[in-house]
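Coordinate inspection notes
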Amino acid sequence: MRKYNFYAGPSTLPVEVLEELKEEIADYHGEGLSMIETSHRSPMYDRVHEETIELFHELMGIPVNYKVLFIGGGATLQFGMVPMNLLKPGTVGEYVKSGSWAGKAISDARTIGQVRILWDGKDSGYTALPDPVSLKPGNDAAYLHLTSNETIGGVQWKAFPKTGDIPLVADMSSDILSRTFDVRDFGLIYAGAQKNIGPAGVTVVIIRDDLAAASPENLPAYLRYKIHAEKNSLYNTPPVFAIYAINKVLRWLKARGGVAGIEKLNTQKAEAIYSVIDGNPGFYSSPVEKSVRSRMNVVFRLPSEELEKEFITRAKDKGMLGLKGHRDVGGCRASLYNALPLEGARALADLMKDFAAEKG
Ligand SMILES: *Cc1c(COP(=O)(O)O)cnc(C)c1O
């Protein structure tokens, strides 16, 4: 029996996608070999590669002057690649420090060049976000970087700043494809695949052409966006299995009404959990400011660590996995990515209600 998987990443995938992969793994569409055995320059793979890029454009409304790139190394490599490519001498990389992931992006940027923290959530314990309108990039800014959803802290931007000529850069690893937004507000978006897009192994980078073209010459080839853009992510061997699986996830998403369709479901899923938290104020609590609560990663506490432990065990016995909070913040966390069905969120909400009634 498939369990409900609330892990933060790698995380649940649509069962339909897994079944299809199983079906095709040894012999892709009668070709007599697997997609992961063929050359990344063969027509068989090329069709999947091209279609996956097209599906990103279609599902996210990505304009033609942006490239969709597939790069290895995780979102973590992008913490370095962004400043290596965009941070020119005399300019400053501006960052919003919204939590753990933003903090990692900032530490890596500091090894490359000059960094300015435009806003820091320290005083709130990283449970709040700035008003996007209040953020004013400096004239010397090479870009403004934000983390659209802090996977560990459970805070999520609901609207994004308009930065004019200063490129807005976003780490969207844990909420890409979960909601609609205007890609044109951004110069560069990156996301590790293993939360909302597919299996681990590839990071999707969406970059405006002028920014890709400006990669400095004095970087190793693999670290230059320009090379990946010119070679259509085939400069070297791309993570073919991950891209092949992503192709199926995107088709699955398209068949479910695309991003707008899944956004409705994601809203319902998050409401199912938050309403139990708010409905049992003496028992459950959310550390996050209400207006920026994440719909992807719901962080919550019970009255004691002992009860949290007991709750996580109870959930596990009922086939609900991955509810332990990140070690940095403790408590519980339910990750409600696109592929988690509504029934999964409802089952968790029911368990939370029962548990509060029993122990509260
Ligand atoms: C998971 C995560 C990362 C790190 O991703 P890797 O692919 O493991 O490098 C970075 N940023 C955010 C917001 C994440 O959720």
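Residues numbered from 1 in each chain as written. Predicted model: local features only at pLDDT ≥ 70, side-chain atom pairs only at ≥ 80, totals over all residues. Heavy atoms only, no water.

The name given to the chain in an unreviewed UniProt entry is Phosphoserine aminotransferase, and the organism recorded there is Marispirochaeta aestuarii. Per its UniProt entry, the chain bears the Subcellular location (unreviewed entry) comment "Cytoplasm". Under Subunit (unreviewed entry), UniProt gives the following word-for-word description of the chain: "Homodimer." (UniProt positions renumbered as here; feature names shortened; annotations may be inferred.)

Frequently, the measure chosen for interface size is the accessible area that the parts lose on association. Each assigned domain of the chain is listed here: domain 1 (16-255) and domain 2 (258-359). The centre of domain 1, based on its C-alpha atoms, is set 27 Å off from the matching centre of domain 2. If you look at the interface, domain 1 gives 24 residues, while domain 2 gives 24 residues. Buried surface at the junction of domain 1 and domain 2, both sides included, amounts to about 2,000 Å², of which 56% is carbon and sulfur. A per-residue breakdown of the area domain 1 buries against domain 2 is headed by Thr127, Ile152 and Lys158, which together make up 24% of the total. (Domains from an automatic or database assignment. Contact = heavy atoms within 4.5 Å. Buried area = accessible area lost by both parts, 1.4 Å probe.)

This brings us to the packing of aromatic side chains. As enumerated under the stated definition, the model contains 14 aromatic pairs in all. For the ring pair phenylalanine 56 and phenylalanine 70, a centre distance of 6.3 Å and an interplane angle of 55 degrees mean the geometry is tilted. Here phenylalanine 70 lies in strand β2 (residues 66-71) and phenylalanine 56 lies in helix α2 (residues 43-60), a separation of 14 residues in the sequence. No difference in accessibility class separates phenylalanine 56 from phenylalanine 70, as the two residues are buried. Each member of the aromatic cluster is reached from another via a ring pair, and the members are Phe283, Tyr284, Phe300, Phe311 and Phe355. (Phe/Tyr/Trp six-rings, centres within 6.5 Å; stacked < 30°, edge-to-face > 60°. Helix = DSSP H or I, 4+ residues; strand = E, 2+ residues; numbered from the N terminus. Buried < 20%, exposed > 50% of the residue type's maximum accessible area, 1.4 Å probe, protein only.)

As a further point, take the nonpolar core. Counting residues in hydrophobic clusters, the biggest one holds 54 residues, and the most contacted among them are Phe56, Ile176, Leu177, Ile197 and Ile206. Per-element tally for this core: the top contributor is helix α7 (residues 240-255), with ten residues. Excluding anything up to four places from it in sequence, leucine 177 contacts Phe56, Leu59, Met60, Asn196, Ile197, Leu250, Leu253, Val259, Ile262 and Asn338. Counting 28 residues, the second largest nonpolar core, distinct from the first, contains Tyr274, Phe311, Ala334 and Ala349. (Core = buried A, V, L, I, M, F, W, Y, C linked by side-chain atoms within 4.5 Å.)

With respect to spatial proximity, 13 residues lie near the ligand, and among them Thr76, Thr151, Asp171, Gln194 and Lys195 are the closest. Here an oxygen atom of the ligand sits 2.9 Å away from a polar atom, N or O, in the side chain of glutamine 194. Here lysine 195 contributes a side-chain N or O atom positioned 2.8 Å from an oxygen atom of the ligand. In the complex, 88% of the free accessible area of the ligand, which totals 390 Å², lies under the protein chains. The biggest single contributor to the shell around the ligand is helix α3 (residues 74-86), with four residues. (Near = heavy atom within 4 Å. Polar contact = N/O pair within 3.5 Å; in protein donor to acceptor, adjacent residues only side chain to side chain. Areas by Shrake-Rupley, 256 points an atom, 1.4 Å probe, with all protein chains shown as cover.)

Interaxial distance between helix α9 (residues 305-317) and helix α10 (residues 342-359) falls to 11 Å at its minimum, and their mutual angle equals 135 degrees. Between α9 and α10, the angle falls in the class oblique. The crossing of α9 and α10 is right-handed. Side by side, α9 and α10 meet where Leu307, Glu310, Phe311, Arg314 and Ala315 of the first sit next to Leu348, Leu351, Met352, Phe355, Glu358 and Lys359 of the second. Considering only residue class, the contact of α9 with α10 consists of seven nonpolar, no polar and four charged. (Axes fitted to C-alpha atoms, helices over the stretch in contact; angles between N-to-C directions. Parallel < 35°, antiparallel > 145°, perpendicular 65-115°, else oblique. Left-handed = near helix turned anticlockwise from the far one by under 90°. Nonpolar A, V, L, I, M, F, W, Y, C, P; charged D, E, K, R; others polar.)

The subject of this paragraph is the packing of α2 against α7. Remark: α2 packs on α7, axes separated minimally by 9 Å, with the N-to-C direction vectors making an angle of 45 degrees. Taken as axis vectors, α2 and α7 run oblique relative to one another. For α2 against α7, the interelement crossing comes out left-handed. For the pair α2 and α7, contact is made by Tyr45, Val48, His49, Glu51, Thr52, Leu55, Phe56, Glu58 and Leu59 and by Val240, Ile243, Tyr244, Ile246, Asn247, Leu250, Arg251, Leu253 and Lys254, respectively. Of the residues belonging to the contact of α2 with α7, the class tally is eleven nonpolar, three polar and four charged.

Bringing the pattern of salt bridges into the picture now. Throughout the structure, instances matching the rule amount to 24 salt bridges. Across the pair arginine 251 and glutamate 51 runs a salt bridge whose closest N-O atoms are separated by 2.9 Å. Remark: glutamate 51 occurs in helix α2 and arginine 251 occurs in helix α7; sequence separation between them is 200 residues. Judged by relative accessible area, which is 26%, glutamate 51 ranks as partly exposed. (Salt bridge = Lys/Arg side-chain N within 4 Å of Asp/Glu carboxyl O.)

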